[in-house]
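Below are the chains, spelled out letter by letter.
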Amino acid sequence: MGHISVVGAGLAGCEAAWAAANAGAHVTLIEMKPHKYTAAHHSPGFAELVCSNSFKAKRPDSAAGLLKQELKLMGSVCMQAALSCEVAAGGALAVDRELFSKTVTQLIKSHKHIKIEHREITDIGNVQGDAIIIATGPLTSEPLANSLKKLLGKSLSFYDAAAPIVAADSVDSELSFCASRYGKNKDGDYVNCPMDKQQYEAFYQALITAETVPLHEFEVEDGLPQFYEGCMPIEALAKRGKDAIRFGPMKPVGLTDPRTGHRPWAVLQLRRENAEGTMLNLVGFQTNLKFGEQKRVFRMIPALHKAEFLRYGVMHRNTFIDSPRLLNSSFALKNNPRIFFAGQITGVEGYMESASSGIIAGINAVRAARQKEPFILPRQTMMGALAAYISDDSVKDFQPMGANFGIIPPLEQQVRDKKERHAMLSHRAINILKQKLVQL
Ligand SMILES: Cc1cc2nc3c(=O)[nH]c(=O)nc-3n(C[C@H](O)[C@H](O)[C@H](O)COP(=O)(O)OP(=O)(O)OC[C@H]3O[C@@H](n4cnc5c(N)ncnc54)[C@H](O)[C@@H]3O)c2cc1C
């Protein structure tokens, strides 16, 4: 049968416990609430939604909608609960948060293979089980975070400072050029988005006056954000002076625009985010601007005028591990197949993404305990693509990632219409997942 211990009863931990128990394992789910709360958790129930009560779009041809369909097929306890306490929210799946947490808690507590313990784990070495799953979330308690740091070395971050990512095929190739500074690499590793003086000045004004996201109390000390050292948001750097970013991340040195034969006034460089080059990162553009503002302001850069944002930049407290170096796509440690991680701590971003990683970790923890081969979902599925992304060693500067179509391998045929393309990607994902589930 196997004994699995899961630490943390958030969305990921509940899914992991549910999946492992449904596979016939005996599960101990360990949660520190109500004895101790993180700065963002306030109620004693499981699967507490710490901020928004929305699980994003339901449309099957959206990335979030596809993930939800897949979760349903995988028997997700969070989806089951969400559908039973849905509130009207247009095209989104939003829930009554208290009822949601209450429903998940009841389902978990009434499962005959799940035992609950309310205590804080301060040392990973004290967790018993044939396999263990750490799902303590973005605000993992400090003693456990210290213990993880010892186990994993330096591979633990305490905040996100992520730059936006755009779809490579949405960057205007007429208004950008491929090159490395000083022609260091003939093929040019970067996509460069040049600006002339007038364009830069308009962009600069928009950037310094754009609206930012208010910080949470626990992210601020003496009125200042705690996490900005070494990862200054682009808008904060810009506020230091008109040329600060032109001498920083937007410096044009070593670059010649082939259309003009001159050095541009300023340049935004885009770097490949994945091996296929379908996703591009805005280099040095970590930002705390509101999402709508990021779209408005960054689209003022000529080559990005119709950019599709696959992930917006974020800056907030977030404990996560350097998964590409540490985890397999089964969510097990590469150097210890009995220790699994799940949820936001692995670098998946969002409620449903965390739930999805919990299911995969739960299934695979049981398989590890039974010495069976891991169950790996194909990359054409959203759940498989997220698992592949967080364990992809070619991703160097790892930052958390939510569901989006950029992480899924493209269709064999080219489909120009975005809506149609996404519908086809979703259709393919669901068919592949159904075939794969027969093997489980
Ligand atoms: C302030 C804030 C706002 C957010 N807003 C959103 C949002 O609007 N939408 C969105 O999709 N995502 C949001 N997120 C991300 C969100 O946290 C995740 O999407 C999701 O909650 C992660 O699920 P999880 O199971 O990994 O972690 P959590 O849901 O945080 O669950 C972790 C659980 O582990 C417990 N725990 C921690 N340490 C220990 C320990 N040492 N021993 C035992 N138990 C422990 C905690 O009490 C908690 O119950 C936000 C995150 C933060 C910090």
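Remember, it's a predicted structure, so these values are computed and weren't measured experimentally.

Judged by which residues are buried, strand 7 (residues 131-134) turns out to be covered on both faces: Ala 131 and Ile 133 on one side and Ile 132 and Ile 134 on the other are all buried. Sheet analysis places strand 1 (residues 3-7) next to strand 7, joined by 4 bridges and oriented parallel. Residue pairing in the sheet places Val 6 in a bridge with Ile 133 of strand 7.

Right, let's get into the environment of His 41. By secondary structure assignment, the location of His 41 is in the loop between strand 2 (26-31) and strand 3 (54-57). Between the C-alpha atoms of His 41 and Leu 139, which are 98 residues apart in sequence, the distance is 9.2 Å. When sequence neighbours within four positions are dropped, the list of residues in contact with His 41 reads Lys 33, Glu 48 and Val 50. Within the local environment of His 41, its side chain forms a polar contact with the side chain of Thr 38, the two groups lying 2.6 Å apart.

A few words on the site of the ligand. The full set close to the ligand counts 31 residues, and Glu 31, Ile 121, Ser 141, Gln 344 and Gly 350 are the nearest of them. Contact between the ligand and Glu 31: an oxygen atom at 2.7 Å from a side-chain N or O atom of the residue. In this structure, Met 32 approaches the ligand through a main-chain N or O atom, which is 3.3 Å from a nitrogen atom. Protein chains shield 93% of the accessible area of the ligand, which is 980 Å² for the free molecule. Grouping the constituent residues of the shell around the ligand by class yields 14 nonpolar, 13 polar and 4 charged.

With that settled, the discussion passes to the packing of helix 1 (residues 11-22) against helix 3 (residues 77-84). Across the interface, helix 1 lies against helix 3 with an axial gap of 8 Å and an inter-helix angle of 115 degrees. The orientation of helix 1 relative to helix 3 falls into the category roughly perpendicular. On the side of helix 1, the interface is formed by Leu 11, Cys 14, Glu 15 and Trp 18, while helix 3 contributes Val 77, Cys 78, Met 79 and Gln 80. In terms of residue class, the contact of helix 1 with helix 3 is made up of 6 nonpolar, 1 polar and 1 charged.

The next thing to look at is the pairing of strand 5 (residues 92-95). The side chains of a regular strand alternate between the sheet's two faces. Here strand 5 shows two buried faces, one formed by Ala 92 and Ala 94 and the other by Leu 93 and Val 95. Bridge count for strand 3 against strand 5 is 2 bridges, and the pairing is antiparallel. Bridge assignment links Ala 57 to a residue of strand 5, and that residue is Ala 92. Linking strand 4 (residues 86-87) to strand 5, which pair antiparallel, is a turn of 4 residues; within it Gly 90 sits at a positive phi near 60 degrees.

Bringing the domain arrangement of the chain into the picture now. Taken domain by domain, the chain comprises domain 1 (3-160 + 317-437) and domain 2 (165-312). Placing a centre on the C-alpha atoms of domain 1 and another on those of domain 2 gives a separation of 31 Å. Interface area lost by domain 1 to domain 2 is led by Tyr 159, Arg 317 and Gly 406, which between them contribute 30%. For the pair domain 1 and domain 2, the number of links is 1 salt bridge. Arg 379 is the partner of Glu 276 in a salt bridge, and the nearest nitrogen-oxygen pair spans 3.0 Å. Taken together, the links from domain 1 to domain 2 amount to 4 residue pairs in polar contact (both at pLDDT 80 or more). When residues of the side of domain 1 that touches domain 2 are assigned to their parent elements, the largest contribution, 3 residues, is made by helix 12 (residues 418-437). Split into classes, the residues belonging to the side of domain 1 that touches domain 2 amount to 9 nonpolar, 5 polar and 4 charged.

When charged atoms on two side chains of opposite charge get close, those side chains can pair. Going through the model one piece at a time under the given rule, you end up with 16 salt bridges. Residues Lys 36 and Glu 120 are paired through a salt bridge, measuring 3.0 Å at the closest nitrogen-oxygen approach. Of this pair, Lys 36 sits in the loop between strand 2 and strand 3 while Glu 120 is found in the loop between strand 6 (114-118) and strand 7, placing the two residues 84 residues apart along the sequence. Under the relative-accessibility criterion, Glu 120 is labelled partly exposed at 26%. A salt bridge links Lys 115 to Glu 117, with the shortest nitrogen-to-oxygen separation between them at 3.4 Å. Using a relative accessible area of 22% as the deciding quantity, one classes Glu 117 as partly exposed. Taken together, the shared-partner salt bridges in this structure form one network comprising Arg 59, Asp 61 and Lys 419.

So, on to the nonpolar core. The biggest cluster of nonpolar side chains holds 102 residues, and the ones touching the most others in it are Ile 4, Phe 55, Phe 100 and Phe 341. Here this core takes 11 residues from helix 10 (residues 351-369), the largest share from any one element. Built from parts of two domains, this core gets at least three residues from each of domain 1 (3-160 + 317-437) and domain 2 (165-312). The contact partners of Ile 4, leaving out residues within four places of it in the chain, are Ala 20, Ala 25, His 26, Val 27, Thr 28, Ala 131, Ile 133, Ala 365, Val 366 and Ala 369. In this structure, Met 195, Leu 280, Ala 307 and Phe 309 belong to the second largest nonpolar core, which totals 31 residues.

Further remarks concern the sheet that holds strand 9 (residues 165-167). The strands making up a sheet associate through backbone hydrogen bonding, with each pair oriented either parallel or antiparallel. The 6 strands are arranged 10-11-14-15-9-16 in an open sheet whose pairing can be described as antiparallel. Where the open sheet ends on each side, the last strands, each with one partner, are strand 10 (177-179) and strand 16 (309-311). In this sheet, neighbouring strand axes are inclined to one another by 40 degrees on average, regardless of whether the strands run parallel or antiparallel. Where strand 14 (residues 266-272) lies against strand 15 (residues 279-282), 3 bridges are found, and the strand directions are antiparallel. By the bridge assignment, Arg 272 is partnered in strand 15 with Leu 280.

Below, the discussion takes up unusual backbone geometry. Omega for the peptide link from Lys 33 to Pro 34 comes to 0 degrees, which places this bond in the cis form. In this fold, Pro 34 is placed in the loop between strand 2 and strand 3. Although it is not a glycine, Ala 47 adopts a positive phi angle of roughly 45 degrees. Classification of Ala 47 as buried rests on a relative accessible area of 0%. Phi is positive for Gln 371, close to 55 degrees, though the residue is something other than glycine.

Procedures and definitions
- Residues numbered from 1 in each chain as written.
- Predicted model: local features only at pLDDT ≥ 70, side-chain atom pairs only at ≥ 80, totals over all residues.
- Heavy atoms only, no water.
- Buried < 20%, exposed > 50% of the residue type's maximum accessible area, 1.4 Å probe, protein only.
- Helix = DSSP H or I, 4+ residues; strand = E, 2+ residues; numbered from the N terminus.
- Pairing = 2+ DSSP bridges.
- Contact = heavy atoms within 4.5 Å.
- Polar contact = N/O pair within 3.5 Å; in protein donor to acceptor, adjacent residues only side chain to side chain.
- Near = heavy atom within 4 Å.
- Areas by Shrake-Rupley, 256 points an atom, 1.4 Å probe, with all protein chains shown as cover.
- Nonpolar A, V, L, I, M, F, W, Y, C, P; charged D, E, K, R; others polar.
- Axes fitted to C-alpha atoms, helices over the stretch in contact; angles between N-to-C directions.
- Parallel < 35°, antiparallel > 145°, perpendicular 65-115°, else oblique.
- Domains from an automatic or database assignment.
- Buried area = accessible area lost by both parts, 1.4 Å probe.
- Salt bridge = Lys/Arg side-chain N within 4 Å of Asp/Glu carboxyl O.
- Core = buried A, V, L, I, M, F, W, Y, C linked by side-chain atoms within 4.5 Å.

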